[in-house]
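# Examining the three-dimensional arrangement
The primary structure of each chain is shown beneath.
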Amino acid sequence: MTDAVHPRTPAGYAAVTNEVAGIPLDFPHRTTWWIWFLCAAGLLGVYIISAWVLFVEGVGIWGNNIPVNWGLAISNYIWWIGIGHAGTLISAMLLLLQQHWRNSLNRFAEAMTLFAVTCGGLYPILHLGRPWRFYWMAPYPSTMKVWPQFDSPLTWDFFAVLTYLTVSLIFWYVGAIPDFASTRDKAKTRGAQVFYGLLALGWRGAARHWGRWRQSYRLMAAIAVPLVVSVHSEISLLFASGPIPGWTSTVFPPYFVLGAAFSGFAVVAMLATALRRAFGLQNLVTSKHLDMLGRLTLACGMMTAYGYFADLFTALYSGRPQELETLHDRIAGPFAWAYWGAVVLNFIPLQLLWRRRFRSDPVVLFLVSLSVTIGMWLERYMLVFSTLFRDYLVSSWAPYWPSFWEWSLFAGSIGLFLTLFLLFIRLLPMISAFEIKEAGFEEKEAAHG
Amino acid sequence: MRDRALHKGAVRSSAEALAAAKLAGRTGRRFWRALEELTDAPAFRRALEAEFPNAFAGVTEAGRREVLKAMGASLAFAGLAGCTAAPHPDALPYVTQPGDLVLGTPKTYATAVVFGGYAQPVLGLTHEGRPTKLEGLPEHPASQGATDAFTQAALLGLYDPDRSKAPRFMGRPTDWSGFDAAMVENAERLDATRGEGLRLLTGAVSSPTFARQLAELMQRWPLARWHVFEPVNQDLRLEATRLAFGRPLEIQPRFEACRAIVSFDDDFLGPGAWQTRNARAWSQARRAFQGGRGEARLMVAEPAPSLAGAMAAERLIASADEVEIMVQALAGRLGAGPAPQLRLTPRQAQWVEAAAQALQRNPGAGLVLAGAHCDPAVQALALQLNERIGAIGKTLGFCAPILLQPPDGTRSFEALAADLAAGRVDTLAILEANPVYAAPADLDFPAAMQKARLRIHAGLHFDETAAACHWHAPLEHALETWDDARAVDGRTSLIQPLVRPFYAVRARSVFLQNLQGRLGGDPRAILLATWADRLGGEADPRWRETLARGFVDEPAPPQTPGAAGAPAVRLRRRGGGITVLIRPDPTIWDGRFGDNPWLQELPKPFNKLTWDNAVLVAPALAAQLDLKNGDHVRLSAGGRAIEGPAWLTPGLERRTVVVHLGYGRSLPGQLADGRGYDAYPLRTSAAPWRVEGAAAAKTGGKTELASTQLYTALQGFDFVRTAPVAAAQPGPPHPPPPSFYPPRLSGSPQWGMAIDTDTCIGCNACVTACDAENNVPMTGKSQVANGREMHWLRIDAYYEGSPDDPAFFNQPVPCMHCEQAPCEMGCPVNASVHTHDGLNMQVYNRCIGTRTCSSFCPYKVRHFNWFDYTLHDPPELRAARNPEVTVRSRGIMEKCTYCVQRIEKARIQADVENRPIRDGEVVTACQQACPTEAIVFGDVSDPESRVSKLKAQQRNYSLLEEVNTRPRTTYLARIDDGATHD
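### Details of the overall build of chain B
- Of the regular secondary structure elements, chain B holds 30 helices and 39 strands.
- Contacts in chain B between residues far apart in sequence, at least 24 positions, make up 74% of those at least 6 positions apart.

Right under this line is the structure:
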């Protein structure tokens, strides 16, 4: 890498630290932040109210019925968890692959993962008939000696999401320890010193610390990468395991994983361009990063498109009337708007990213990513409902429309995400300063070497 | 139930209302003086007495000793009456049982419920004194153990929270003493005039006790008169026999002997008091045909789809007038009458020819039926036809009318209306009839009725008629009273109570005594008096045997009519406009079941509508009028009009619309209130069933109707199948497709079910029986509209072919109990599991409600408690529940269990006796209720069991075989004996 943005002098290192660790300590744009935060907190309030009403009244306040047992909650669940995948991919996989450009993106991408998985992971619990019994999915030694049913994709889904959340949290936290220490050292007030000091776990930057840290961080990364694959594979099996036409397809696991990465990279790209602009981080999140994000999004997008094709082909090739019926419902039936909406929003603007000029243009990248995010939401919506509303017996076909409370919970979950994310950028170093410095140093060495 | 705005508590009490009226507008010091005045006001005292009778029952004068005595006695009695609702001590259990109640051991009593005057013989099951289930009385030939949906739901009628619980005067609750006083006073007045001006109006009634009491009453008051009002009656049928044979006779068809049935718009398999008997008999003939013994040809010409029409080998859609013409054509063809020059379409002529040949092929085993709402002359012609083909005495018998016939015969109610209008009625006593709601519109009965000086109503409900009367006396439900009634075959059932009355209600026989000024009365004594000369006294073994058996085993003596004559039939070609057919609702009937949630939420045949009636419109007419389902259509004829939501009905004649009676009630606070539209205003005494020349117009209004099945076109799928008659023979075993999963079920018994779609008529008896047996919650209209009905067993209705002339199919769908069940794989918490004997079980208390099982279920037979549907049920409804089945709470999945509680009961008994469970020992609720024995349950590991033998037939198939779930519930294909038969 020869890009000039990486600081290579001691002064440059200090500048990086100041820039990154200084944001939480001396926050710019306080008013703007507060406006955003109040909006997000308002939506969070909607979330809490929606969940409260849900717990009091029962899941009947939603529009679900028989046959559409699974409603917006499940499609949003897949969507949120999918978004979460990019953070881990960027952090862990690229760390293992020694792609240093990730260093400007990994911290907030990981945070994004955590928050998205939180938003997603709450959904299946909210959607339960008896949410207060959700822990029965966990294999704990109960007095009745009843274990979870290990054949069920849901059991593994529960394990996968919980593991993923835990590993992501640890990975993110371990990765941030050196920067917590930097922030602690720069902190002026006693409260901030204690707060960041506790988070830094006594980090002094000793060589032994670095050695241990590097070991554990790489180890966590090695654990996290397969989880990315397992989580969304599990989620896809939630559908593919059943005998229901439109779901029971072997392409589902890769299709879901790639779709998840696709939507995740799109959201990372949106956050990167937004944060870059808001906090003037152009020298840290460079056009080079945008370019790489664009490439990843494009690659995942094209692989997701293959998933669409494979799904289509499987249905056609099977020749089963119900599969064809579901296909028809998607392409030309009542879910055509969602299907074609997904196809158009996911893949048409995406083609712009073949050109470097568009990839490195933050506005274009943001808009394409937004389109992908919406497109992937439509895809999840379409996949869940076009299958359920007409399965086998004509007699049980019935339409489904999400109720107010489902929409409010969805809006609220966006509020939950934004609230957490805004607190993150307000309180914690959002870019990994030490890794940027390290990368810069290594590049310098390489250049001199 | 979630969305019912019912049972909101009592109407504001009259004492409160009176006090409020007195206190209105008073303030300050005057208020206190007013309260003193108030407590002394006689009206207030009376109201207070009515409301708190005990407070005035001499307690105020009681001394200390009396108070202590009363206290002691109350405590003692409180202990005695630990279970408040005990069965009547004199009711005799069906089977010999220990004299004492054994907790947990239910008792059965043979008794009957009454529907349209006819007894429906039942076995009532009581748990700790609570009746919880009705089954058909196995020994009774009219039931043979089966029931219809109405009889199943009669149980809920007993517990109905909307039942009238106390007498009322001028609409206000009062007590019986006031009523008694008024009756004594009125009886004195009537004594003076020898009953002049006393009119007794009842619903259809067959009770010998009523006849005896009526005779007594007429003896005392010879000038009194008795009238009958039954909105859905057989009057035209009696008129037809009178035309044909010179006297009214009740027809007794013997479907079991029929090999060819030609029905002209007669839905003999449809709902009605005779459904159970007819369906059982018809299925016997059909089963003989399946076994290769002759044919069982059913040909139906009808304007609107009916249950019989759906089972027909050849169904012809013809308008009501065309049907009548075709009767004449058939008569002409078979030489039973004049052969006028009739213009038939080629299709009709072909059908008539095929019908004639079928009847000629089966001499002495044919039967021609004409609907009870057809022109009596046409029905008489059909009787003549039966004589011609030698049916009379073989497939068609006659008896004297089973229902008691009032003096004016079929004109009885019109005579009463005329007398009322002329002011000739002094006292009008209405028993178990609701003419204010249901009277023909042209009689203007509600207004005429106001001319009677004293109006008394007695019935189960405070209904429209009760509200228009001075006095309302609440009556006992059939399950808590002593009475008698005759079943459709003429055998008299003795009705004995399963439980003491819940409320301060009186038996009908007691009310009839009270009406004569005789206070008190014991319904059992009155019943005994009727039967004293036949069965001896209460100590007589004959009485005890008959009571325990439930009926007097003497069918109606057959009548041999002379040669049938038939008057000339007026040829009536309809002019322009639309023909409106007026029919009783398939689940609510004439309105009497409007407050029964089991029947309100029971999906109606073909359209699967619940909680509403609709104007059934042919798709072609709907296109012409630009109607979609739910669009309001206004039907007007002869200056009268009704408006209701349309429902597109395939197989309906294109210029005919069907309206159903029984809805559009105004009963504030009751379940039936405000549901559907009222079709009675279109009905006149001259044309009760059919209005010609009506106009139909779209109005722009819209009602969302709640149907449990939105798509009924089969769309080329093979969910229902047909097979040639040879397929009813056993065939080579049919191995299931290969599976990755190992077969994991072995041992005996292995439970399974076979459902014969060749005999299933879609009557809904099984669905209601399942609701009753398994405590299935009713959810209300809005939940049904949202796809959340809870029926464990549903009857899928499909049609195949053009909507203008389709073939109809019924398919009961319980849980398939798949051997390779996708639901079990999906559940994360082991709530959906397989038992060693092959049941797919739902463990309610383990379920957390992920709903994966239902998402994975290809049959969608699982139902989810989206809300707590049972938590807010009033205590009365809780008492109706089966204690052997868990009541499910919010957030869990439930489904058909193959009535596991019955299996376990049989298993325990077999274990006690150290033997295997016998074939036929476990009978599921649906199987037990089924009038056609289309559902058979048993051990599939035993090749000799009934169910195994059925499954061995070549026509046995699995629903969605390609999914390879290996269902334990399989279907027997319908046998196609259509036009190809030679």
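### Points about the overall build of chain A
- Each helix and strand in chain A was counted, giving 15 helices and 0 strands.
- For 449 residues, the compact-globule estimate of 2.2 N^0.38 gives 22 Å, and the C-alpha radius of gyration of chain A, at 23 Å, lies within 12% of that figure.
- Taken over the C-alpha atoms alone, chain A extends approximately 75 × 55 × 40 Å along its principal axes.
- Out of the 449 residues in chain A, the part that is buried amounts to 53%.
- Excluding contacts between residues fewer than 6 apart, the proportion of contacts in chain A whose partners are at least 24 apart in sequence is 82%.

### Some points on the nonpolar core
- A:V268, B:L330, B:V580 and B:V617 are the most contacted members of the largest nonpolar core, which has 428 residues in total.
- Counting residues per element, this core draws most heavily on helix α8 (residues 252-279) of chain A, which supplies 17 residues.
- When neighbours within four sequence positions are excluded, B:V580 is seen to be in contact with B:L635, B:A637, B:V657, B:V659, B:L682, B:V691 and B:A694.

### Here's the deal with the sheet that holds strand β16 (residues 471-474) of chain B
All names here are of chain B.
- Strands sit in the order β5-β4-β16-β15-β14-β6-β7 across an open sheet of 7 strands; the sheet is mixed. Each having just a single partner strand, β5 (172-173) and β7 (225-228) make up the two edges of the open sheet.
- Relative to strand β15 (residues 454-459), strand β14 (residues 427-431) runs parallel, the two sharing 5 bridges. From the neighbouring strand, L428 faces β15, where its bridge partner is R455.
- Running at roughly 120° to β16, helix α6 (residues 176-193) makes contact with β4 (168-169), β6 (198-202), β14, β15 and β16 of the sheet.

### Observations regarding unusual backbone geometry
- The omega torsion of the bond from A:I66 to A:P67 falls at 20°, within 30 degrees of zero and hence cis.
- Backbone geometry at B:D444 places phi at a positive 50°, although glycine is not the residue there.
- Positive phi, normally seen in glycine, also occurs at B:K860, with a value near 50°.
- By the element assignment, B:K860 lies in the loop between α26 (852-856) and β34 (863-864).

### Some points on the pairing of strand β17 (residues 483-486) of chain B
Residues and elements named next belong to chain B.
- Of the two faces of β17, the one carrying D483 and A485 and the one carrying D484 and R486 are both buried.
- Where β17 and strand β18 (residues 492-495) come together, 4 bridges link them in antiparallel fashion. Bridging across to β18, A485 finds its partner in S493.

### Comments concerning the confidence of the model for chain B
Residue and element names in this part refer to chain B.
- Of all residues in chain B, 88% have pLDDT values of 70 or greater, and the mean over the chain is 86.
- Taken as a whole, residues 79-84 scores under 50 in pLDDT and shows 2 contacts with residues more than four places along the chain or in a different chain.
- We note a pTM of 0.87 for the whole complex and an ipTM of 0.90 for its interfaces.

### Points about the interface of chain B and chain A
- Listed by partner, the interface residues are 41 residues for chain B and 37 residues for chain A.
- Counting only elements with at least two residues in the side of chain B that touches chain A, the list comes to α25 (822-826), α26 and β34 of chain B.
- No other element matches the 4 residues that α26(B) contributes to the side of chain B that touches chain A.
- Each residue belonging to the side of chain B that touches chain A can be placed in one class, and the counts come to 20 nonpolar, 14 polar and 7 charged.

### A short note on the sheet that holds strand β12 (residues 366-370) of chain B
All names here are of chain B.
- Within the open sheet, the 4 strands sit side by side as β11-β10-β9-β12. Their pairing is parallel. The open sheet has two free edges, formed respectively by β11 (314-317) and β12, since each of these has just one partner strand. Adjacent strand axes in the sheet meet at a mean angle of 10° when their direction is disregarded.
- In the sheet, strand β9 (residues 260-264) pairs with strand β10 (residues 297-302) via 5 bridges, with the strands oriented parallel. Within β10, the residue paired with F264 across the bridge is A301.
- This element, helix α11 (residues 320-333), spans β9, β10 and β12 of the sheet and lies at about 140° to β9.
- Packing against the sheet, helix α12 (residues 346-361) makes contact with β9, β10, β11 and β12, and its axis sits at approximately 145° to β9.

### Looking at helix α13 (residues 362-388) of chain A
- Its 27 residues give α13(A) an end-to-end C-alpha distance of 39 Å, which sits within 8% of 39 Å, the value for a rise of 1.5 Å per residue.
- Where burial is concerned, most of α13(A) is hidden: 20 out of the 27 residues are buried.

### Section: the packing of helix α4 (residues 106-127) of chain A against helix α5 (residues 153-186) of chain A
All names here are of chain A.
- One can describe the packing of α4 onto α5 by two numbers: an axis separation of 10 Å at closest approach and a directional angle of 155°. Taken together, the axes of α4 and α5 lie roughly antiparallel to each other. Read as a crossing pair, α4 and α5 show a hand that is left-handed. Judged by residue contacts, N106, R107, E110, A111, T113, L114, V117 and G121 of α4 engage V161, Y164, L165, S168, L169, F171, W172, G175 and A176 from α5.
- A class-by-class count of the residues in the contact of α4 with α5 yields 10 nonpolar, 5 polar and 2 charged.

### Details of the environment of B:A880
Residue and element names in this part refer to chain B.
- Its location among the elements puts A880 in the loop between α27 (875-879) and β35 (893-894).
- Residue A880 is classed as buried on the basis of its 20 C-beta neighbours within 10 Å.
- Measuring from C-alpha to C-alpha, the distance between A880 and R286 comes to 36 Å, with 594 residues separating the pair along the chain.
- In this structure A880 touches T132, L155, L156 and Y159, once residues within four positions along its chain are discounted.

### Quick word on the packing of helix α3 (residues 72-96) of chain A against α4(A)
Residues and elements named next belong to chain A.
- Put simply, α3 and α4 touch, their axes get as near as 7 Å, and they point 155° apart. It follows from the interaxial angle that α3 and α4 lie roughly antiparallel. Both α3 and α4 take part in a crossing whose hand is left-handed.

### Examining the environment of B:A279
Residues and elements named next belong to chain B.
- The topology assignment puts A279 in helix α9 (residues 275-290).
- In this structure A279 comes out as buried when scored by C-beta crowding, with 29 C-beta atoms within 10 Å.
- Not counting residues up to four positions away in its chain, the partners in contact with A279 are L269, I761, C763, P931 and T932.

### Considering α5(A)
- Along its 34 residues, α5(A) runs 48 Å from first to last C-alpha, staying within 8% of the 50 Å computed at 1.5 Å per residue.
- Its axis deflected by about 45° at A:I177, α5(A) carries its strongest bend there, up to four residues before the proline A:P178.

### Some words on the pairing of β7(B)
All names here are of chain B.
- Side-chain alternation along β7 places R225 and H227 on one buried face and W226 and V228 on a second face that is also buried.
- Sheet topology note: the β6/β7 ladder contains 4 bridges and is parallel. The partner of L200 across the bridge, within β7, is W226.
- Tracing the backbone out of β6, into helix α7 (residues 208-220) and back to the parallel element β7 gives a crossover that is right-handed.

### Quick word on the confidence of the model for chain A
All names here are of chain A.
- Summing up the model confidence of chain A, the mean pLDDT is 86 and the portion of residues at 70 or higher is 94%.
- Taken element by element, the predicted model of chain A shows its lowest mean pLDDT in helix α1 (residues 10-25) (68) and its highest in helix α2 (residues 30-57) (93).
- Here residues 1-7 is modelled with pLDDT under 50, and outside its nearest four sequence neighbours on either side it reaches 14 contacts, counting other chains as well.

### Describing the environment of B:R955
All names here are of chain B.
- On the secondary structure map, R955 appears in the loop between α30 (946-951) and β37 (956-957).
- Note on R955: 24 C-beta atoms within 10 Å, which makes it buried.
- Residues R955 and A973 lie 18 residues apart in sequence; the distance between their C-alpha atoms is 5.1 Å.
- Not counting residues up to four positions away in its chain, the partners in contact with R955 are A723, A727, A728, L972 and A973.

What counts, and at which threshold
- Residues numbered from 1 in each chain as written.
- Chains lettered and ligands numbered in written order.
- Predicted model: local features only at pLDDT ≥ 70, side-chain atom pairs only at ≥ 80, totals over all residues.
- Helix = DSSP H or I, 4+ residues; strand = E, 2+ residues; numbered from the N terminus.
- Contact = placed C-beta atoms within 7 Å.
- Rg over C-alpha atoms; globule rule 2.2 N^0.38 Å.
- Buried ≥ 20, exposed ≤ 12 C-beta atoms within 10 Å, placed from the backbone.
- Core = buried A, V, L, I, M, F, W, Y, C linked by C-beta atoms within 7 Å.
- Pairing = 2+ DSSP bridges.
- Axes fitted to C-alpha atoms, helices over the stretch in contact; angles between N-to-C directions.
- pLDDT = per-residue confidence, 0-100.
- Nonpolar A, V, L, I, M, F, W, Y, C, P; charged D, E, K, R; others polar.
- Expected span 1.5 Å × (residues − 1).
- Parallel < 35°, antiparallel > 145°, perpendicular 65-115°, else oblique.
- Left-handed = near helix turned anticlockwise from the far one by under 90°.
- Bend = angle between axes of the 7 residues up to and from the residue.
- Right-handed = clockwise from strand over helix to strand, strands pointing away.

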